[in-house]
Every structure is written in structure tokens, then in C-alpha cells.
Amino acid sequence: MWISSAQFMSLPIFVTQNPLALFALLLFFYLAFGVTYSTNSPENAFSTLSKYRELLLLIILPPFFQSESTRQWAWNAFIIASVMTLLGSYAIYFGFIDYMQPTMDPCIKNRITHSLLVAFFAFFCAHKSLQAGKYRLLYIALIILCIHNLFFLVSGRTGQLIFLLLMMLFYIQRFPAKKAVLLITATVTLLLVFITCSDRANRINEGFSQTQNYLHSENGGTNSSEGQRLTFWKHSLTLIAENPWLGHGTGSYPVEYGRVAAKTDIASNNPHNEYLMITVQTGIAGLLLFLAFLFSQYQCSLKLANEYKWLAQGILVALATNSLFNSTILDFTEGHWFITMIALCFATLPTHTKPCSA
């Protein structure tokens with residue numbers, strides 16, 4: 001559709017006027033260049049590069065989001081998908097869907113992905129709940145469901161952290177400074193009470209204890225999930241130190257990690273950290289491009305109307321935070337979801353390109 005509607009003809013102008021698209025393209029092309037010196041096989045290097053293909057959606061999707069009616073359909077689709085994600089979780093929990101294994105959380109996707117989606121949907125509903133309209137009470141009810149789902153049903157710690165940060169951002173965006181400080185204090189207090197008193201906070205407390213065990217254990221405490229993630233990060237830093245400027249090439253992480261971690265029993269295809277993943281492969285140059293991509297989102301968000309600005313900044317906070325604990329762009333669902341939401345939020349960014357015809 002993008003090609004048949006001749007959108008490629010306005011691509012040079014679009015890229016020069018849209019820093020997000022520019023840095024996304026530069027990052028993808030730099031990853032493509034990284035294939036040429038990768039220490040992995042060409043087949044595996046190209047396979048890894050293909051996982052970053054969603055970066056190209058930032059030049060493909062925006063032309064189709066130019067009309068307000070199309071954007072409204074897209075937001076409606078987002079709301080429906082988010083509500084179905086919530087309802088699916090409760091249907092599994094109450095046994096209406098025979099899907100969950102006994103050791104798994106009640107969610108259709110894995111708990112990391114699920115908690116991310118629900119956390120941002122709660123942020124979205126919080127903004128909608130402040131708008132006068134007949135659906136205000138519905139959005140308030142959805143916020144309550146999101147909070148209950150995040151903290152009492154699905155134990156995704158990354159999503160819980162993202163939710164906390166997004167709520168702080170929400171208070172700063174929508175309330176005067178003094179009231180925002182009071183709301184942030186109250187939210188943090190409630191979270192501390194939850195961690196201290198609720199048996200549902202086991203995974204949060206488990207995360208703290210696993211990190212302490214890792215830092216004080218002679219063998220690194222690699223039997224725990226936090227210990228494994230910290231081990232991935234430690235070896236990733238070793239790889240970065242070996243070749244800091246250009247990295248080891250696109251798709252090189254599994255090979256290079258296996259080399260430096262040969263004496264351990266932990267295998268890894270990625271460090272569960274997008275910043276480290278990109279730096280191991282493409283060095284500091286690639287990391288700077290990724291950081292520029294994130295920073296351009298903040299700069300461009302200031303040019304948007306309030307509602308789109310608030311949501312765009314929320315997407316940025318979620319992306320930057322999630323990338324600390326997961327290889328966000330590399331992951332299939334998260335990568336496509338973030339890039340699509342970025343394209344939707346920034347579709348109203350002022351440009352001189354023409355929207356595609358119906």
C-alpha cells in the first residue's frame with residue numbers, strides 16, 4: 001500500500017522533517033552495516049537484522065495516519081485490543097478459558113509483555129478519565145481493573161515499575177506542581193505498603209533478595225532470574241569493553257556471549273537490555289543513534305497538541321524503561337507495538353508532505 005500509493009516519492013522530505021523517522025532509518029542502516037563485520041554467520045546476522053525491521057514502519061505508517069478519522073479508528077482499535085487483553089486475563093483467571101498452565105500467570109501473552117500493555121493502557125485511561133464525557137466512569141473502572149490486574153493477578157515487575165513511572169508522569173502532566181507532589185507521595189506510600197503487607201508482592205520482594213544474593217554470592221547467584229539477568233549484563237559490559245566503538249557486528253551477541261561466558265552454564269541470545277544489546281552489536285556509535293532516537297521523541301512531543309503530547313511522552317517513558325530490562329525493539333510484540341504507537345502519536349507532527357489518498 002505504501003508503494004502503490006507512491007508515498008516513497010515524498011520520503012526524502014518526510015525524513016528531513018521527521019527526526020524520529022530519520023534516526024530510526026539511520027539505526028536500521030547502521031545495523032545493516034554491522035552485518036558486514038559480524039562474528040556470527042551471515043545467515044544469523046541477517047536473521048537478527050530482520051528482527052529490527054519494525055524500525056522501517058516509522059516511514060511506512062505515518063502517511064496512513066494523517067486524517068483524524070483514521071487516527072480515531074486506530075485509537076479505537078488500541079482500546080478494543082487493550083480491553084480484550086484485560087478480559088482475556090480475567091477469563092483465564094476465573095477458568096472460562098482453559099489456557100493457563102498451573103505455574104503461569106493468567107495472561108494471553110507472557111507476563112512481561114502483558115504487564116507492559118496493561119500499564120500503558122492504565123496511563124491512557126487516566127488521561128481519558130479527566131475528560132468530560134459519557135465514558136468517563138468507564139475509563140475510571142478500567143483504571144481500577146488495570147491496577148488490580150497488574151498488582152494482584154499478573155506478576156510482571158517491569159510493568160509494575162512502568163505503571164508507577166507513568167502515573168508520576170501523569171500527575172506532572174495534568175496537575176499543578178504542589179498537587180502533583182502530593183499525588184506522587186501518596187502513590188509511592190501505597191506502593192510501599194503493598195510491598196510490605198501484601199503477599200501479592202512476593203515477586204517484587206523476591207527481586208530485591210535475588211539482587212542482594214547475586215551481589216554477595218561467590219558464584220554470582222545465577223540460579224535466580226535476577227541473577228541470570230545481572231550475569232548477562234556483566235558479560236555484555238565485558239564484550240563492549242573489547243570493542244567499544246563499532247561492536248562485534250549485528251547478530252554477534254550469542255557467539256560472543258558464549259565465548260566470554262564459556263565457563264558458566266547460562267546461555268543467552270540477548271542480554272535482556274536493549275541499550276546493551278545494541279552496543280554489543282554496533283558499539284557506542286549505535287548506542288548514540290538509539291539514544292538520539294529516544295531524545296528526538298521528547299523533542300518532537302513538545303510540538304504536538306496536549307493529548308498527543310502526553311501520550312507520546314508516556315510511550316517514551318515506557319520504551320526507555322522497558323529497554324532497561326528487555327531487548328524491546330528486538331522482541332516481536334513489544335517492538336511492533338512501540339513503533340506502531342510512536343507512529344500513531346506523532347502522526348500529527350507538522351510536516352509539508354501530503355497524506356496518502358484513500
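Let us look at the structure shown here. The numbers attached to residues start from 1 for each chain and follow its sequence in the written order. With pLDDT at 70 or above as the cut-off, local features in this predicted model cover only qualifying residues; side-chain atom pairs require 80 or more to be listed or tallied, and sums for whole chains, interfaces and linings still use all residues. Side-chain metrics in this entry use all non-hydrogen atoms of the structure; hydrogen atoms and water are not considered.

Our focus in this paragraph is empty space enclosed by the protein. If a probe the size of a water molecule is rolled over the atoms, the empty space left behind becomes visible. The pocket and cavity definitions rest on a 1 Å grid over protein atoms only: a 1.4 Å probe that fits but cannot leave marks a cavity, an open set with protein on both sides within 12 Å along at least five of seven lines marks a pocket, and residues lining either have an atom within 4 Å of a point. Grid points are joined across faces, edges and corners, and a volume is the space filled by probe spheres set on the points. One pass over the structure, following the stated rule, counts three cavities of 30 Å³ or more. Within this model, the second largest cavity holds a volume of roughly 50 Å³. Going along the chain from the N terminus, every DSSP run of H or I of four or more residues is numbered as a helix, and every run of E of two or more is numbered as a strand. Sorting the residues of the lining of the second largest cavity by element identifies α2 (19-34) and α15 (332-345) as the ones contributing at least two each. Amino acids are sorted into nonpolar (Ala, Val, Leu, Ile, Met, Phe, Trp, Tyr, Cys and Pro), charged (Asp, Glu, Lys and Arg) and polar (every other residue, Gly among them). Its residues assigned to classes, the lining of the second largest cavity comprises nine nonpolar, one polar and no charged.

Running from amino to carboxyl end, helix α13 (residues 274-301) crosses helix α14 (residues 306-325) at an angle of 165 degrees, the nearest separation of the two axes being 10 Å. By the criterion of interaxial angle, the relationship of α13 to α14 is roughly antiparallel. Once α13 is placed against α14, the crossing between them reads as left-handed. Mapping the contact onto sequence places E274, Y275, F290, F293, L294, Q297, Y298 and S301 in α13 and K309, A312, Q313, I315, L316, L319, A320, S323 and L324 in α14. For the contact of α13 with α14, the class distribution of residues is eleven nonpolar, four polar and two charged. All axes here are fitted lines through C-alpha atoms, helices being fitted over the stretch that makes contact, and every angle between N-to-C directions spans 0 to 180 degrees. Each angle gets one of four labels, with under 35 degrees taken as roughly parallel, over 145 as roughly antiparallel, 65 to 115 as roughly perpendicular, and the rest as oblique. Crossing handedness follows the turn of the near helix against the far one: under a right angle anticlockwise gives a left-handed crossing, and clockwise gives a right-handed one. Any pair of residues with heavy atoms lying within 4.5 Å of one another is described as a contacting pair.

Let's shift gears to the packing of aromatic side chains. Classification of ring pairs rests on two measures: the distance between centres of Phe, Tyr or Trp rings, Trp counted by its six-membered ring, which must be within 6.5 Å, and the angle between planes, read as stacked under 30 degrees, edge-to-face over 60 and tilted in between. This model, assessed by the stated rule, comprises 28 aromatic pairs. Ring geometry for F232 versus Y257: centroids 5.8 Å apart, planes at 75 degrees, classification edge-to-face. Residue F232 is found in helix α11 (residues 225-242), and its partner Y257 is found in helix α12 (residues 253-260); the two are separated by 25 residues along the sequence. By relative accessible area, F232 is classed as buried at 7%. When the centroid spacing of 6.5 Å and the interplanar angle of 40 degrees are considered together, the rings of F295 and Y298 count as tilted. In this pair, F295 and Y298 both sit in helix α13, three residues apart, roughly one turn of the helix. Relative accessibility decides the category of a residue: with a 1.4 Å probe and only protein chains considered, values under 20% of the type maximum give buried, values over 50% give exposed, and everything between is partly exposed. The exposure class of F295 is partly exposed, given its relative accessible area of 47%.

Locating D105 in the fold gives a position in the loop between α5 (68-93) and α6 (111-129). Given the relative accessible area of 14%, D105 is considered buried. Nitrogen and oxygen atoms within 3.5 Å of one another constitute a polar contact, given that in protein one can donate a hydrogen and the other can accept it, and given that sequence-neighbouring residues count only through two side-chain atoms. There is a polar contact of 2.6 Å between the side chain of D105 and the backbone nitrogen of S155.

The residue L289 is located in helix α13 in this model. Each C-alpha atom of the pair L289 and E334 lies 20 Å from the other, and the pair is 45 residues apart in sequence. Other than its neighbours up to four places away in sequence, L289 contacts F23, L26, L27 and Y30.

Okay, the pattern of salt bridges next. Here a salt bridge means any side-chain nitrogen of Lys or Arg lying within 4 Å of a carboxyl oxygen belonging to Asp or Glu. Using the criterion set out here, one finds seven salt bridges in the structure. The salt bridge partner of R229 is E226, with a shortest N-O separation of 3.9 Å. Here the residue R229 and the residue E226 both occupy positions in helix α11, the gap between them amounting to three residues, near one helical turn. As far as burial versus exposure is concerned, R229 and E226 are alike and both buried.

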